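# Observations on the model geometry
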Amino acid sequence: MTSVLEKAAPVRAFPFDNSYARLPQHFFARQAPSQAAEPWLIKLNEELAAELGLDVDLLRREGAAIFSGNLLPEGAEPLAMAYAGHQFGGFVPLLGDGRAILLGEVIDRNGKRQDIQLKGAGQTPFSRRGDGRAALGPVLREYIVSEAMYALGIPATRALAAVSTGQPVYREEVLPGAVFTRVAGSHIRVGTFQFFAARGDAEGIKALADYVIERHYPELKAAKNPYLALYQAVCERQAALIARWLHVGFIHGVMNTDNMSVSGETIDFGPCAFMDAYDPATVFSSIDHHGRYAYANQPGIGQWNLARLGETLLPLIDADQDKAVERANDVITDYGKRFQAHWLSGMRRKIGLVSEEDGDLDLIQSLLALMQDGKADFTLAFRRLCALAGDDAAETAFTASFREPGACGEWLARWRERLSRDPQSPADRAEAMRKVNPAFIPRNHRIEQAIVAATEDGDFSLFEALLTVLSKPYDDQPMFAAYMEPPKPEERVLQTFCGT
């Protein structure tokens, strides 16, 4: 393996301050990226690079070499993180970064510590039998979806760069290779805690918990029981995050415990997708054969994953095992109430309500049932409801979202009667609704079109156009109106795949 020092570049493009690399050695394996044959910079997120305090001009010149792993900037301490995880309910005691290498950390212009990680930059000690590489298609998918999530206002990892490696990767077929550069508040997962718990490493769990508190929840250091407070805080962030997924029809696809970040960010966009026609049982992931991670199952799976986190923290919560279990159970039980509160609050905003009444939940559930029966497009129906909130003339467009437009009449009468008791003008209500009901989402067929054009023809124009549209998801953008439309039957994408 080529040494890190031999590959170091005498440039200071990244003001690294690598706190994770200062943790005990068994938290990770030091690992330099592999060489790429002919790297080419597909996309540099210059706005994000500037926010991170990076040298944008230098990255324009050297980005292909740096983001492929061929050139390590000064201060980088590349490593692969160790973690375990429950995958589809089965526990795997050793996973780790099999095709991801953490270059290091920077403090962005808002004072927030951010990881910069390469995905697809070669094998690590955790690769098992994998090649550590990534194909171009999944790299483009993750770039598109992570930036779309950011624009939607949903906490998520970010895309800093995409690079073609100029060499093939071998899957079911030969595909062009690429490397994705991901930015995250951190890459610490529920599975990271499980890694130490599985080994009975109480000191490791404590060191990790202290690190997470210092990095993500510093206000908890003064808490009476900081580890119980940490558990509560992680549960709260996840409840809010998953509620926001449901508000926009997002399906993560592979909610294993090693894919749940303790920072509260959406992480890993392999088989994820956005729902077209509303159906709570929707599944896209090609490996989710039993619907474990279906759209409507995500809140419950979140609770299940967080229960696994609670198990690892028990020795820190209380030295008395029974008391620790009781306190952790109180937290995980409360998660359901927290999720429901976040979900209901967001759904009220989606249908134009600012006040709260007991019948609101039934009104919302009735609309969702109507959408399911009528095979209404989730995003389009809510966006058209925004127009209807401000102008009764928009009713025809809204009802046209349903297979039987006439079935909407009773619900619309209930909705209007409820709105009459809400303290907003129609214009203000419609404007507020447009801020929470996107016009544009990264629809699966559009992503697929962009991937096919790039991988088969070397044409990245559809990729660029999609990024442009999705950067302003709540604006009408009349010139891109076609991107609002759901897929035609022949365009539907029914399965998504793990890849990066």
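In the nomenclature of an unreviewed UniProt entry, the chain is known as Protein nucleotidyltransferase YdiU of Rhizobium mongolense. Annotation of the chain in UniProt includes, under Sequence similarities (unreviewed entry), the sentence "Belongs to the SELO family." Under the heading Function (unreviewed entry), UniProt records this for the chain: "Nucleotidyltransferase involved in the post-translational modification of proteins. It can catalyze the addition of adenosine monophosphate (AMP) or uridine monophosphate (UMP) to a protein, resulting in modifications known as AMPylation and UMPylation."

Our next topic: the packing of aromatic side chains. Two numbers describe a pair of aromatic rings. These are the distance of the centres and the angle of the planes. Following the criterion strictly, the structure yields 22 aromatic pairs and no others. A ring pair is formed by Tyr143 and Phe180, whose centres lie 6.2 Å apart and whose planes are at 80°; its orientation type is edge-to-face. With a gap of 37 residues between them, Tyr143 in helix H4 (residues 136–152) and Phe180 in strand S12 (residues 174–184) connect regions that are remote in the sequence. Judged by its relative accessible area of 2%, Tyr143 falls in the buried class. Relative accessible area serves as the criterion here: at 0%, Phe180 is assigned to the buried category. Ring centres of Phe398 and Phe402 lie 5.3 Å apart, and the angle between their planes is 65°; on these two criteria the pair is classed as edge-to-face. According to the relative accessible area criterion, Phe402 is buried, its value standing at 5%. Counting every residue linked through ring pairs, the aromatic cluster contains Tyr20, Phe27, Phe28, Phe195, Phe196 and Tyr211. Directly above the ring of Tyr83 sits Arg189, whose terminal nitrogen or CZ lies 4.5 Å from the centroid. The residue whose ring lies beneath Arg446 is Tyr483, and the NZ or CZ to ring-centre distance is 4.3 Å.

This part covers the packing of helix H5 (residues 190–198) against helix H8 (residues 298–317). It is the contact of H5 with H8, at a shortest axis distance of 9 Å, that shows an interaxial angle of 40°. Viewed along their axes, H5 and H8 adopt a mutual orientation that is oblique. You can see that H5 and H8 cross each other, and the crossing is left-handed. Counting all contacts with H5, which are made through Val190, Phe193, Gln194 and Ala197, the residues of H8 involved are Asn305, Arg308, Leu309, Thr312 and Leu313. The residue makeup of the contact of H5 with H8, split by class, is five nonpolar, three polar and one charged.

With respect to the helices, strands and loops of the structure, Asp276 is situated in the loop between strand S14 (273–274) and H8. On the basis of relative accessible area, Asp276 is assigned to the buried category, the value being 15%. A distance of 2.7 Å separates the side chain of Asp276 from the side chain of Arg443, its partner in a polar contact.

A separate point is the UniProt feature "binding site: ATP" (unreviewed entry) in the chain. In this numbering, the UniProt entry assigns the feature "binding site: ATP" (unreviewed entry) to Gly96, Gly98, Arg99, Lys119, Asp131, Gly132, Arg182, Arg189 and Asp268. In summary, the annotated positions, distributed over 173 residues, remain apart in three dimensions as well, the widest C-alpha pair reaching 22.9 Å. Within the fold, Arg99 resides in the loop between strand S7 (90–92) and strand S8 (100–107). Look at Arg99 and you get partly exposed, because its relative accessible area is 30%. Considering the arrangement of structural elements, one finds Gly132 in the loop between strand S9 (113–119) and strand S10 (134–135). Judged by relative accessible area, Gly132 falls into the buried class, the value being 3%.

In this section: the environment of Leu367. Along the polypeptide, Leu367 turns up in helix H10 (residues 360–373). By relative accessible area, which is 2% here, Leu367 ends up buried. It is 9.1 Å that separates the C-alpha atoms of Leu367 and Leu412, two residues lying 45 residues apart in sequence. Setting aside residues up to four positions removed in sequence, Leu367 forms contacts with Ile351, Phe382, Leu385, Phe398, Phe402 and Trp411.

Tyr20, Phe193, Met371, Leu385 and Trp415 are the most contacted members of the largest nonpolar core, which has 130 residues in total. For this core, the leading source of residues is helix H7 (residues 226–247), giving 14 residues. The contact partners of Tyr20, leaving out residues within four places of it in the chain, are Phe27, Phe28, Leu79, Met81, Glu105, Ile188, Thr192, Leu208 and Tyr211. Judged by nonpolar contacts, the second largest core, of 28 residues, contains Phe16, Leu41, Ala121 and Val163.

Under the UniProt annotation, "binding site: Mg(2+)" (unreviewed entry) lies at Asn259 and Asp268. Along the chain, the position of Asn259 falls in the loop between strand S13 (250–251) and S14. The class of Asn259 is buried, set by a relative accessible area of 13%. Among residues more than four places away in sequence, those in contact with Asn259 are Arg189, His252, Val254, Ile267 and Asp268. Mapped onto the secondary structure, Asp268 falls in the loop between S13 and S14.

Excluding glycine, residues mostly carry a negative phi; peptide bonds, for their part, are mostly trans. For Phe88, which is not glycine, the phi dihedral falls at a positive 55°. Following the sequence through the fold, Phe88 ends up in the loop between strand S6 (85–87) and S7. Residue Gln477 is not a glycine yet carries a positive backbone phi of 45°. On the secondary structure map, Gln477 appears in the segment after helix H16 (461–470). Residue Gln477 is classed as buried on the basis of its relative accessible area of 10%.

When two helices pack together, their arrangement is given by the angle between the helix axes and the distance between those axes. At a closest axis distance of 8 Å, the pairing of H7 and helix H9 (residues 321–350) adopts a crossing angle of 30°. Taken together, the axes of H7 and H9 lie roughly parallel to each other. For the pair H7 and H9, the crossing hand works out as right-handed. Contacts between H7 and H9 involve Leu228, Tyr231, Gln232, Cys235, Glu236, Gln238, Ala239, Ala240, Ile242, Ala243, Leu246 and His247 from the first element and Arg327, Ala328, Val331, Ile332, Tyr335, Arg338, Phe339, His342, Trp343, Gly346, Met347 and Lys350 from the second. Taken together, the residues that form the contact of H7 with H9 break down as 15 nonpolar, five polar and four charged.

Conventions we followed
- Residues numbered from 1 in each chain as written.
- Predicted model: local features only at pLDDT ≥ 70, side-chain atom pairs only at ≥ 80, totals over all residues.
- Heavy atoms only, no water.
- UniProt positions renumbered as here; feature names shortened; annotations may be inferred.
- Phe/Tyr/Trp six-rings, centres within 6.5 Å; stacked < 30°, edge-to-face > 60°.
- Helix = DSSP H or I, 4+ residues; strand = E, 2+ residues; numbered from the N terminus.
- Buried < 20%, exposed > 50% of the residue type's maximum accessible area, 1.4 Å probe, protein only.
- Lys NZ or Arg CZ within 6 Å of the ring centre and 35° of its normal.
- Axes fitted to C-alpha atoms, helices over the stretch in contact; angles between N-to-C directions.
- Parallel < 35°, antiparallel > 145°, perpendicular 65-115°, else oblique.
- Left-handed = near helix turned anticlockwise from the far one by under 90°.
- Contact = heavy atoms within 4.5 Å.
- Nonpolar A, V, L, I, M, F, W, Y, C, P; charged D, E, K, R; others polar.
- Polar contact = N/O pair within 3.5 Å; in protein donor to acceptor, adjacent residues only side chain to side chain.
- Core = buried A, V, L, I, M, F, W, Y, C linked by side-chain atoms within 4.5 Å.

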